[in-house]
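# Inside the fold
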Amino acid sequence: MKTFTTRSQIRQYLNAQGAAKVGFVPTMGALHNGHISLITQAKQANDVTVCSIFVNPTQFNDPKDLEKYPRPIEADKAKLELAGCDILFNPGVSDMYDDNEQWHLDIGPMEQLLEGEFRPGHYQGVTQVVFKLLDIVKPTNLYMGQKDYQQFMIVSRMVELLNIPVNMVMCPIERETDGLAMSSRNIHLTPADREHSLVLSKTLNWVKNNFDANNIEVLQQQAMEKMASINDVVPEYFRIVDGKTLLPANTNTQSIVALTAARVGKTRLIDNVLIK
Ligand code: PAF
């Protein structure tokens, strides 16, 4: 695997290679099997697979969260080598941003919903960095996980609004055998938190199995209560929404997703399930 830390180096290399199809997996590192499944999928459909590892400061609204974000770069490199990734782009903050750089993209109401409500400004930071990364890597296919469902929809909207020539591919959520969605943040869970965290996937499945389009409000309420009943779990939201607009679902909605976020001990987790 080739590793590059500056935009000009990676661009030069990709230009010289002239690959017909480039697959790109943007990450913030602390790689787990969810990320590796994106690399595997990218490898199957492209001539060259690029992964980026960059802990993007502009998408963190809590400086403590940014500070404590795991950065096991050597272990990450070993995982990428093993997965057969061709290129790693691992820039520093000053390679990606000028001082006092400004960014604003109007993505419409989707930005303020769900995560947007609890992490104001988060998606501006995400679109800012993904725009830059796409401009550097110029991939044919962009691979992102369903785990961050709203992020996928927001990046898709940006791609559409700015006519970025890339095909978006959503990859399914990878879960531990007991149902917990894989996440770089899971390493912060204490053994007790780890046990309690199962309530997210259990509640999502319960809602999927008991879904009734006439009872969405009640189901959401019951789901919040189920989660809140577990020690040290503080649910932030549980919403059943239109899978395209992320606005509340109703009896006519064609594609439906349930999404949730909760604090488990000191760790904030998100998860979702496709209902229809
Ligand atoms: O999902 C992530 O890890 C990040 O939000 C992304 C897409 C790499 C942008 O920093």
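All of the points below concern the structure found in this document. Computed from a predicted structure; not experimentally measured. (Residues numbered from 1 in each chain as written. Predicted model: local features only at pLDDT ≥ 70, side-chain atom pairs only at ≥ 80, totals over all residues. Heavy atoms only, no water.)

### Side note on the overall build of the protein chain
The criterion, for reference: We count a stretch as a helix when DSSP gives it H or I for four or more residues in a row; a strand needs E for two or more, and each element gets its number in order from the N terminus. Radius of gyration here uses only the C-alpha atoms, and the compact-globule reference equals 2.2 Å multiplied by the residue count raised to the power 0.38. Here's how the labels work: a residue is buried when its accessible area is under 20% of the maximum for its type, exposed when over 50%, partly exposed in between, all with a 1.4 Å probe on protein chains only. Throughout, a contact is declared for two residues whenever any of their heavy atoms are within 4.5 Å. Note on areas: Shrake-Rupley, 1.4 Å probe, and residue coverage restricted to the protein chains presented here.
From N to C terminus, the protein chain includes 11 helices and nine strands. Taken against the 2.2 N^0.38 rule, which gives 19 Å for 276 residues, the C-alpha radius of gyration of the protein chain at 19 Å falls within 12% of a compact globule. Taken along the three principal axes of its C-alpha coordinates, the protein chain extends 55 × 40 × 40 Å. Per-residue burial over the protein chain gives 52% buried out of 276 residues. Counting contacts in the protein chain only where the partners sit at least 6 residues apart, residues at least 24 apart contribute 72% of the total. For the protein chain, the exposed area adds up to about 13,100 Å²; of that, 50% sits on carbon and sulfur atoms.

### Observations regarding the sheet that holds strand β7 (residues 233–242)
Stated formally: In this description, strands pair whenever DSSP reports at least two bridges between them. A fitted line through C-alpha atoms serves as each axis, taken over the contacting stretch for helices, and the angle formed by two N-to-C directions is quoted from 0 to 180°.
What the three strands build is an open sheet, ordered β7-β8-β9; its pairing is antiparallel. Each edge of the open sheet is held by one strand with a lone partner, namely β7 and β9 (267–274). Mean inter-strand twist for the sheet, computed between neighbouring axes without regard to direction, equals 15°. When strand β8 (residues 256–264) meets β9, the two strands line up antiparallel, connected through eight bridges. From the neighbouring strand, Thr260 faces β9, where its bridge partner is Asp271.

### Observations regarding the layout of surface pockets
In this approach the atoms are scanned with a rolling probe the size of a water molecule, which exposes any empty space left behind. The following threshold applies: The distinction between a cavity and a pocket rests on a 1 Å grid over the protein atoms alone: a 1.4 Å probe fits inside a cavity but cannot get out, while a pocket stays open yet meets protein on both sides within 12 Å along at least five of seven lines, and a residue with an atom within 4 Å of a point counts as lining. Grid points are joined across faces, edges and corners, and a volume is the space filled by probe spheres set on the points. Gly falls in the polar group here, along with every residue not listed as nonpolar (Ala, Val, Leu, Ile, Met, Phe, Trp, Tyr, Cys, Pro) or charged (Asp, Glu, Lys, Arg).
Size it by volume and the second largest pocket reaches roughly 170 Å³. The wall of the second largest pocket is formed by 16 residues, among which Ile53, Phe54, Val55, Arg71 and Asn90 lie closest to the centre. Along the lines of polarity and charge, the residues of the lining of the second largest pocket split into 12 nonpolar, two polar and two charged.

### What about the site of the ligand?
Basically, it comes down to this: Whether a residue is near a molecule or strand depends on its heavy atoms: it is near if one of them lies within 4 Å of it. Pairs of N or O atoms are called polar contacts if they sit within 3.5 Å, as long as, within protein, a hydrogen donor faces a hydrogen acceptor (for residues adjacent in sequence, only side-chain-to-side-chain pairs).
Taken together, Pro26, Thr27, Met28, Asn56, Gln59, Val129, Met144 and Gln151 form the complete shell of residues around the ligand. Here an oxygen atom of the ligand sits 2.6 Å away from a polar atom, N or O, in the side chain of Gln151. When its residues are assigned to classes, the shell around the ligand shows four nonpolar, four polar and no charged.

### With respect to the sheet that holds strand β4 (residues 87–89)
Whenever strands of a sheet pair, they do so through backbone hydrogen bonds, lying parallel or antiparallel. In spatial order, the strands read β1-β4-β3-β2-β5-β6; together these six strands make up an open sheet with parallel pairing. At either margin of the open sheet sits one strand with a lone partner, and together these are β1 (2–4) and β6 (167–171). Along the sheet, successive strands turn relative to each other by an average axial angle of 25°, direction set aside. Sheet analysis places strand β2 (residues 22–27) next to strand β3 (residues 48–53), joined by six bridges and oriented parallel. Paired with Val22 across the strands is Val48, a residue of β3. Sheet contacts for helix α1 (residues 7–17): β1, β3 and β4; angle to β4, the most-contacted strand, approximately 155°.

Without other data, these values stay purely geometric and don't point to any function.
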